[in-house]
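# Commentary on secondary and tertiary structure
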Amino acid sequence: MNNAELVGYLAAGLTTLSFVPQAWLSFKTRDVSGVSLGMYSAFTLGVALWLGYGLLLGAWPVVIANSVTLVLALAILGMKLRYGHGITLPAGHDKAPGKQA
C-alpha cells in the first residue's frame, strides 16, 4: 500500500465513522424531524455519484467508504420518508400528553 492509498483509507474510514453516531441515533429514536428532506436527498445522490466515480477509477477507499455511507444515508432517507415530519407543538407546550405550560 502506498502513501496515497493509506491517506485515502484513513480519510474514508474517518468520514464514514463520523457518520455512524448520527445514523445510530436516528435508527434508535426514529426521530428524523431535524433532517431536511431536500438536503438529505441531494447528499444521498452525491454519495451514490461518489461511489460510481470510485468504481470507474477503481479507487477502493472511495468505493468502500461510499458504499457504507450510501447504505446508512438511504436508511435515514427512508426513515425520513416513512416517519417524516414530526409533530410541531405550539409554544408553551411540552411533548408529554396532558401537560401544558
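Residues numbered from 1 in each chain as written. Predicted model: local features only at pLDDT ≥ 70, side-chain atom pairs only at ≥ 80, totals over all residues. Heavy atoms only, no water.

### Notes on the confidence of the model for the protein
Of the residues in the protein, 83% reach a pLDDT of 70 or more, and the chain-wide mean stands at 84. Element-level pLDDT for the protein is lowest in helix H1 (residues 3–29), with a mean of 89, against a maximum mean of 95 in helix H2 (residues 37–57). (pLDDT = per-residue confidence, 0-100. Helix = DSSP H or I, 4+ residues; strand = E, 2+ residues; numbered from the N terminus.)

### Brief notes about the packing of H2 against helix H3 (residues 60–83)
Taken N-terminus to C-terminus, the directions of H2 and H3 make an angle of 155°; their axes are 9 Å apart at the nearest point. Judged by the angle between their axes, H2 and H3 are roughly antiparallel. Our pair here, H2 against H3, has a crossing hand that is left-handed. Contact residues: Leu37, Tyr40, Ser41, Phe43, Thr44, Val47, Ala48, Trp50, Leu51, Gly54 and Leu55 in H2; Val62, Val63, Asn66, Ser67, Thr69, Leu70, Ala73, Leu74, Ile76, Leu77, Lys80 and Leu81 in H3. Across the contact of H2 with H3, the residue classes break down as 16 nonpolar, six polar and one charged. (Axes fitted to C-alpha atoms, helices over the stretch in contact; angles between N-to-C directions. Parallel < 35°, antiparallel > 145°, perpendicular 65-115°, else oblique. Left-handed = near helix turned anticlockwise from the far one by under 90°. Contact = heavy atoms within 4.5 Å. Nonpolar A, V, L, I, M, F, W, Y, C, P; charged D, E, K, R; others polar.)

### Some remarks on H3
With 24 residues, H3 should reach 34 Å at 1.5 Å per residue; the first-to-last C-alpha distance of 34 Å fits that figure. Where H3 ends, the next residue or the one after it, glycine 84, has phi of about 45°, a positive value. (Expected span 1.5 Å × (residues − 1).)

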